[in-house]
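# Observations on chain architecture
Single-letter residue listing:
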Amino acid sequence: GQQVMQIPQYQHVQEGEDFTTYCNSSTTLSNIQWYKQRPGGHPVFLIQLVKSGEVKKQKRLTFQFGEAKKNSSLHITATQTTDVGTYFCAGPSNKLIFGTGTRLQVFP
Amino acid sequence: NAGVTQTPKFQVLKTGQSMTLQCAQDMNHNSMYWYRQDPGMGLRLIYYSASEGTTDKGEVPNGYNVSRLNKREFSLRLESAAPSQTSVYFCASRVGSNYGYTFGSGTRLTVV
């Protein structure tokens, strides 16, 4: 079955540093979604990528879909304490398969 | 709009007890889902309903049953709770398969 892996599992950064999480799928994806979950909260949809090589930006967040549509990345520029949480990617189909997540901790 | 509403927010059960987790959405979404999330882990799909009147198994359906009562409501039932079912349960909905999920705030279930 489809598997979606994320690295790293944890990342601790100093406020102001950049952060990147990578998502890799065992199969080609028609699209990929990204979610953020704050500690103690529920996942919140951030964005969906559809096209090969697509790059989308949301303020300090940059999302990229690989050319082969088997991987994706989320890059945060100049992290802030409000970026703390776990970031999940999720593969497509009628039943989304979520990645293992990357937990981001930001120290002020 | 309330979005996706889950009840209860917290529950403690004894092993062998049964209970139903309720989920309702007011966004006219077609698809609804139940996930569980264990500490430090990602979300695993239990059951889903792609549209009213249909339900299908996800990755971890054993020990659970679901009912898509109508377009708004999708309930999850534990017939005989086990400690391994201690988890946070999230209900989610979306318009269709190419859209993002809207999640409820979760039910934190402990089985002792």
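For the structure itself, look to the data block above.
Residues numbered from 1 in each chain as written. Chains lettered and ligands numbered in written order. Predicted model: local features only at pLDDT ≥ 70, side-chain atom pairs only at ≥ 80, totals over all residues. Heavy atoms only, no water.

### Overview of the sheet that holds strand β1 (residues 4-7) of chain A
Residues and elements named next belong to chain A. On the basis of which strands lie adjacent, the open sheet formed by five strands has the order β1-β3-β8-β7-β6 and antiparallel pairing. Of all strands in the sheet, those with a lone pairing partner are β1 and β6 (55-58), marking the two edges. Pairwise comparison of adjacent strand axes, ignoring direction, gives a mean angle of 15° for this sheet. Bridge analysis of β6 against strand β7 (residues 61-65) gives four bridges, and the strand direction is antiparallel. Bridging across to β7, Lys57 finds its partner in Thr62. (Pairing = 2+ DSSP bridges. Helix = DSSP H or I, 4+ residues; strand = E, 2+ residues; numbered from the N terminus. Axes fitted to C-alpha atoms, helices over the stretch in contact; angles between N-to-C directions.)

### Details of the interface of chain B and chain A
Residue-level contacts link 22 residues of chain B with 20 residues of chain A. When chain B packs against chain A, close to 1,600 Å² is buried across both sides, 51% of that on carbon and sulfur atoms. Ranking the residues of chain B by area buried against chain A places Leu43, Tyr101 and Phe103 of chain B at the top, with a combined share of 27%. At the boundary of chain B and chain A, one finds zero salt bridges. (Contact = heavy atoms within 4.5 Å. Buried area = accessible area lost by both parts, 1.4 Å probe. Salt bridge = Lys/Arg side-chain N within 4 Å of Asp/Glu carboxyl O.)

### Considerations on the state of the cysteines
According to the stated counting rule, one finds two disulfides over all chains in the structure shown. Here Cys23 of chain A connects covalently by a disulfide to Cys89 of chain A, the sulfurs 2.0 Å from one another. Every disulfide takes its handedness from the sign of the S-S torsion; for Cys23 of chain A and Cys89 of chain A that torsion is 75°, giving right-handed. Taken as a pair, Cys23 of chain A in strand β3 (residues 19-25) and Cys89 of chain A in strand β9 (residues 85-91) lie far apart in primary sequence, 66 residues in all. The exposure classification of Cys23 of chain A matches that of Cys89 of chain A, with both residues buried. Across a sulfur-sulfur distance of 1.9 Å, Cys23 of chain B and Cys91 of chain B are joined as a disulfide pair. Between Cys23 of chain B and Cys91 of chain B, the S-S torsion sits near -70°, and that sign places the bridge as left-handed. With Cys23 of chain B in strand β3 (residues 19-25) and Cys91 of chain B in strand β9 (residues 87-94), the pair connects residues that are 68 residues apart, well separated along the chain. Overall, Cys91 of chain B belongs to the buried group, its relative accessible area being 0%. (Disulfide = S-S within 2.5 Å. Buried < 20%, exposed > 50% of the residue type's maximum accessible area, 1.4 Å probe, protein only.)

### Describing the sheet that holds β3 of chain B
All names here are of chain B. Spatially, four strands are ordered β1-β3-β8-β7 in an open sheet, and the strand pairing comes out antiparallel. Edge strands, defined here as strands with exactly one partner in the open sheet, are β1 (4-7) and β7 (64-68). Between one strand and the next, the sheet's axes are offset by a mean angle of 15°, whatever the strand orientation. Note that β1 and β3 share four bridges and pair antiparallel.

### Focus: the environment of Val13 of chain A
Residue and element names in this part refer to chain A. As for its placement among the helices and strands, Val13 is situated in strand β2 (residues 10-14). A relative accessible area of 4% means that Val13 is categorised as buried. Along the backbone, Val13 and Ala78 are 65 residues apart, and their C-alpha atoms lie at a distance of 9.9 Å. Apart from the residues lying within four places of it in its own chain, the contact partners of Val13 are Asp18, Thr79, Leu104, Gln105, Val106 and Phe107.

### With respect to unusual backbone geometry
Cis geometry is adopted by the peptide bond preceding Pro8 of chain A, which originates at Ile7 of chain A and carries an omega value of -5°. With respect to the helices, strands and loops of the structure, Pro8 of chain A is situated in the loop between β1 and β2. Following Thr7 of chain B, the chain continues into Pro8 of chain B via a peptide bond in cis, with omega recorded as -5°. Among the structural elements, Pro8 of chain B can be located in the loop between β1 and β2 (10-13). The backbone of Ala78 of chain A shows a phi angle near 50°, a positive value even though the residue is not glycine.

### Here's the deal with the pattern of salt bridges
All names here are of chain A. In the structure shown here, the tally under the stated rule is five salt bridges over all chains. Between Arg60 and Asp83 there is a salt bridge; the shortest N-O distance is 2.9 Å. On the criterion of sequence distance, the pair formed by Arg60 in the loop between β6 and β7 and Asp83 in the loop between β8 (71-76) and β9 is long-range, its members being 23 residues apart. For Arg60, a relative accessible area of 22% gives the class partly exposed.

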